[in-house]
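# Reading the structure
Residues per chain, in single letters:
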Amino acid sequence: MKIILINPPVYGENWHITSCSGGRWPSISPGPIAKKPLETQKDYYYAVFPFPLAFTSAILKEQGNKTKVLDCIALNLSYKEMYERIKEFNPDKVILESCAVSFEQDLKILENLHDFYNYKVCIVGSIVRAKLSEIKQLKWLECVEGNYISSFHKTDEGGEHSLPAPDRDDSV
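Below, the structure is looked at part by part. Every chain begins its residue count from 1, and numbering advances along the sequence as written. The model is predicted, so local features are restricted to residues of pLDDT at least 70 and side-chain atom pairs to those at 80 or more, both for listing and for counting; the totals for chains, interfaces and linings are taken over all residues. Think of the side-chain values as coming from all heavy atoms in the structure, minus any hydrogens and water.

By convention in these notes, a salt bridge is any Lys or Arg side-chain nitrogen within 4 Å of a carboxyl oxygen on Asp or Glu. Inspection of the entire model under this criterion finds four salt bridges. E142 is the salt-bridge partner of K93, the closest N and O atoms lying 3.0 Å from each other. With K93 in strand β5 (residues 93-97) and E142 in strand β7 (residues 141-143), this residue pair connects regions lying 49 residues apart in the sequence. The buried label applies to any residue whose accessible area, calculated with a 1.4 Å probe on protein chains only, is under 20% of its type's maximum; exposed applies above 50%, and partly exposed to all values in between. What makes K93 buried here is its relative accessible area of 16%. Only DSSP runs of H or I reaching four residues or more are called helices, and only runs of E reaching two or more are called strands; each is numbered from the N terminus.

With that settled, consider the sheet that holds β5. Ordered in space as β4-β1-β5-β6-β7, the five strands form an open sheet in which the pairing is parallel. Each of the sheet's edge strands pairs with one partner strand only, and the pair in question is β4 (66-71) and β7. Adjacent strand axes in the sheet meet at a mean angle of 25°, parallel and antiparallel pairs treated alike. Judged from the four bridges that link them, strand β1 (residues 2-7) and β5 form a sheet pairing that is parallel. Bridge pairing links I6 to L96 in β5. Packed onto the sheet, helix α3 (residues 103-117) meets β5, β6 (120-124) and β7 and runs at close to 165° relative to β6. Only when DSSP finds a minimum of two bridges between them are two strands counted as paired. Note on geometry: axes are C-alpha line fits, over the in-contact stretch for helices, and angles between N-to-C directions span 0 to 180 degrees. Throughout, a residue-residue contact means that at least one pair of heavy atoms, one from each residue, lies within 4.5 Å.

So, on to the packing of aromatic side chains. Think of it this way: a Phe, Tyr or Trp ring, Trp meaning its six-membered ring, pairs with another when their centres are within 6.5 Å, and the plane angle makes it stacked under 30 degrees, edge-to-face over 60, tilted otherwise. A complete count under the given rule lists one aromatic pair for this structure. Aromatic side chains Y117 and Y119 sit 5.5 Å apart centroid to centroid with 20° between the ring planes, which places their arrangement in the stacked category. By relative accessible area, which is 4% here, Y119 ends up buried. In this structure, K2 is placed above the aromatic ring of F89, and the distance from its NZ or CZ to the ring centre is 4.7 Å. Sitting over a ring, as applied to charges here, requires NZ of Lys or CZ of Arg to be within 6 Å of the ring centre and within 35 degrees of the ring normal.

What follows deals with the packing of helix α2 (residues 79-89) against α3. Between α2 and α3, the least distance of the axes is 12 Å, while the angle of their chain directions is 45°. The angle between the axes of α2 and α3 places the two elements in the oblique class. Two packed elements cross with a definite hand, and for α2 against α3 that hand is right-handed. For the pair formed by α2 and α3, the contact residues are Y79, M82, Y83, I86 and K87 on the first element and Q105, K108, I109, N112, L113 and Y117 on the second. When describing relative orientation, an angle under 35 degrees is termed roughly parallel and one over 145 degrees roughly antiparallel, while 65 to 115 degrees is termed roughly perpendicular and anything else oblique. Less than a right angle of anticlockwise turn of the near helix away from the far helix marks a crossing as left-handed, whereas a clockwise turn marks it as right-handed.

Core analysis: the biggest nonpolar cluster contains 25 residues, and I86, V94, L110, L113 and I123 have the highest contact counts within it. Of all the secondary-structure elements, those providing two or more residues to this core are β1, α2, β5, α3, β6, α4 (127-130) and α5 (132-136). With five residues, α3 is the single largest residue contributor to this core. The term nonpolar core refers to a set of buried residues drawn from Ala, Val, Leu, Ile, Met, Phe, Trp, Tyr and Cys, joined through side-chain atoms within 4.5 Å. Core analysis: the second largest hydrophobic core is formed by eight residues, L5, L53, L60 and V69 among them.

Moving on, we get to the pairing of β1. Most of β1 is tucked away: five of the six residues are buried. As judged from the six bridges shared by β1 and β4, these two strands associate in the parallel manner. Each residue of the ladder has a partner; that of I4, found in β4, is K68.

Next up on the list: the environment of F89. Assignment of secondary structure puts F89 in helix α2. F89 sits in the buried class, given a relative accessible area of 11%. Sequence-wise, F89 and I3 are 86 residues apart; in three dimensions their C-alpha atoms are separated by 8.8 Å. Not counting residues within four places of it along the chain, the set of residues in contact with F89 comprises K2, I3, I4, K66, T67 and K68.

Rendered as structure tokens:
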């Protein structure tokens, strides 16, 4: 199965998220995101490596899946660019990491991916538990409860995790 794991871009009217992956408290910066080369933004732009997505990608690869991690925040992608890259990979499933600040936008992204491209879609992240009753109402959405790394990775007989090294491709 081809699976893409995404850390989507998130914009508000006068703010944007500069880190979300694996973060309970995303970093929010004032002002609209500038579409400038990232090297010119280095004084105020910080992108956290998406460890949860990278571990999940490595686990899914061990299970025989073809995966890609797309960190739209680190790559400074627009929504249009994100959709183009997802479409180019042509996955069977899209896994999106969400947080409280981006939850509503993330659901809209997943709904678009499902409705327009007929992808199977899944939302993961710490916000999932808090919004579980709402999420379960969405028939088009596959959802993962709890810690999504352990949802994809089973423990050994002693209950221990033996996680593979985080996956790192050209997008992270």
